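# Working through the structure, step by step
Below, each chain spelled out in residue letters.
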Amino acid sequence: MSPFSTPSRLDETGPNALVQTPEPVNRFPDFVAHLVQRLKTLCPALGKAKIASILARAGLHLAATTIGRMLKDRPAPRPAPAAAAATEPAGQAARGVKADRPNHVWHVDLTCVPTSAGFWTAWLPFASPQHWPFCWWLAVVLDQFSRRVIGFAVFPAPPTSTEVRAFLGRAIRAAGAGPKHLVCDKGSQFWCAGFKRWCRRKRIQPRYGAVGQHGSLAVLERFILTLKSGCTRRLLVPLQLNAFRRELALFVGWYNAHRPHASLDGRTPDEVYFGRDAANRQPRVEPRPHWPRASPCAAPQAPLDGDPGVRLELQLDFVAGRRHLPLVTLKRAA
């Protein structure tokens, strides 16, 4: 080579680079970050822990911290078509009541849900009462062991104790069994002689939460918060009774069958209540091509299905077209 010629530049990147660093074994492909970011965009109410639980049920095990990093990073590039072708322990409750099995301890409570007419009212003595058409009154009964909603009822005004007892009787008949303990507050519907006599006839022991103390009915209060933040505050609550019941039935069905719970180790209420195999314990897929088969994955631990390096695509559906009720599945890219 002539002393006056320009030397060729050594490759710094690509397969011919002079210095090459191996890709970390635990690094997920870019399409996994894109999948997580797309799910967060389509369902912004989902947090990183909930996304981790939902994806684990679909077969992809990611830690919540990993999802948090993926959400903080800039949006991952969408894979090209060619490349694509290549918290509280379960069973615990207020006042020491512990559930050992389904239908052992139930919780019942009342709440009011504002309709599309809203709660706008004047000051007393001109304030509008809390009943239809300004709000609906909702009664909910929930199984403590499985967090499954056993039943609900809608009333146009605050229900009487007789109406609540009739609702509980229907819930017992639908479940085919009654609880041994029934946790409730000291509202007029429950703290009365008629309700206590009804409990004695049904061989149910009522357990009352502390008066005016937030968290004394924590299990059911948490569900009511989920119901309002995840359902009734995301739609115009209908003024028609049947339409409102349909919206509640859709949410309760999705909540029982598809929503994983941290207190249930990522299982759904139906899986615990009926003793079904947990979806997040089924064989998983592994998108990292060099991940050793014998190495553990993000909790919960699950065996590997097939070989590592699988490419995945997100498939997102919604119950009856309701955007607040997502159904997440993963399919192998062709």
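Above this text is the structure in question.
This is a predicted model, so every value here is computed, not measured. (Residues numbered from 1 in each chain as written. Predicted model: local features only at pLDDT ≥ 70, side-chain atom pairs only at ≥ 80, totals over all residues. Heavy atoms only, no water.)

### With respect to the state of the cysteines
The condition is simple: The definition used for a disulfide is geometric: two cysteine sulfur atoms within 2.5 Å. Partly exposed describes any residue whose relative accessible area lies between the buried limit of under 20% and the exposed limit of over 50%, with all areas from a 1.4 Å probe on protein chains only and scaled to the type maximum.
Under the defined criterion, the tally for this structure stands at zero disulfides. Cysteine C112 is unpaired, with the sulfur of C135 as its nearest cysteine sulfur at 5.0 Å. Judged by relative accessible area, which is 16%, C112 ranks as buried. Here C199 stays unpaired: no disulfide links it, and the sulfur of C184, its closest cysteine neighbor, is 6.9 Å away. Exposure remark for C199: the relative accessible area of 1% places this residue in the buried category.

### Things to note about a positive patch on the surface
Cut-off, in case you're wondering: Excluding any residue in a salt bridge, patches collect residues exceeding 30% relative accessible area, merging like charges within 9 Å and nonpolar Val, Leu, Ile, Met, Phe, Trp and Tyr side chains within 5 Å. Using a 1.4 Å probe, accessible areas were evaluated by the Shrake-Rupley method; residue-level cover was limited to the displayed protein chains. One speaks of a salt bridge when a side-chain nitrogen belonging to Lys or Arg is within 4 Å of a carboxyl oxygen belonging to Asp or Glu. The sign given to each residue is positive for Lys and Arg and negative for Asp and Glu; His and the chain ends receive no count. Every charge is mapped onto a representative atom, which is NZ of Lys, CZ of Arg, CG of Asp or CD of Glu. Starting at the N terminus, helices and strands are each numbered in turn, a helix being any DSSP run of H or I of at least four residues and a strand any DSSP run of E of at least two.
Residues R170, R173, R197, R200, R201, K202 and R245 make up a contiguous surface patch of positive charge. Among the secondary structure elements, those contributing two or more residues to the positive patch are α5 (161–175) and α6 (193–201). Per-element accounting of the positive patch gives the leading share, three residues, to α6.

### What to know about the packing of α5 against α6
As a reminder, the rule being used: To obtain each axis, a line is fitted to C-alpha atoms, and for helices this fit is confined to the stretch in contact; angles are then taken between N-to-C directions over 0 to 180 degrees. Each angle receives one of four descriptions, namely roughly parallel if under 35 degrees, roughly antiparallel if over 145, roughly perpendicular if within 65 to 115, and oblique otherwise. When the near helix sits turned anticlockwise from the far one by under a right angle, the crossing is termed left-handed; a clockwise turn instead gives a right-handed crossing. Contacts between residues were defined by any pair of non-hydrogen atoms, one from each residue, lying within 4.5 Å. Classification used: nonpolar for Ala, Val, Leu, Ile, Met, Phe, Trp, Tyr, Cys and Pro, charged for Asp, Glu, Lys and Arg, polar for all others including Gly.
Direction vectors running N to C along α5 and α6 enclose 20°, while the axes themselves pass 9 Å from each other. Taken as axis vectors, α5 and α6 run roughly parallel relative to one another. Considering how the two elements wind past one another, α5 and α6 form a crossing that is right-handed. Counting all contacts with α5, which are made through S161, R165, L168, G169 and I172, the residues of α6 involved are G194, F195 and W198. In the contact of α5 with α6, the residues fall into four nonpolar, three polar and one charged.

### What about the environment of L239?
Its location among the elements puts L239 in the loop between α7 (218–230) and α8 (241–258). As a C-alpha pair, L239 and F134 span 105 residues in sequence and 8.7 Å in three-dimensional space. Among all residues touching L239, those that are not within four sequence positions of it are T115, S116, W132, P133 and W136.

### Topic: the sheet that holds strand β3 (residues 149–155)
Just so we agree on the cut-off: One requirement defines pairing of two strands: DSSP has to find at least two bridges between them.
Across the sheet, five strands lie side by side as β3-β2-β1-β4-β5; this open sheet has mixed pairing. Strands at the two margins of the open sheet, each flanked by one partner only, are β3 and β5 (205–208). Across the sheet, the mean angle separating the axes of adjacent strands is 25° when strand polarity is ignored. The pairing of strand β1 (residues 105–114) with strand β4 (residues 181–184) spans three bridges and is classified as parallel. In the strand pairing of β4, V105 is matched with H181. Sheet strands touched by α5: β1, β2 (135–143), β3 and β4. Its angle to β3, the strand with the most contacts, is close to 150°.

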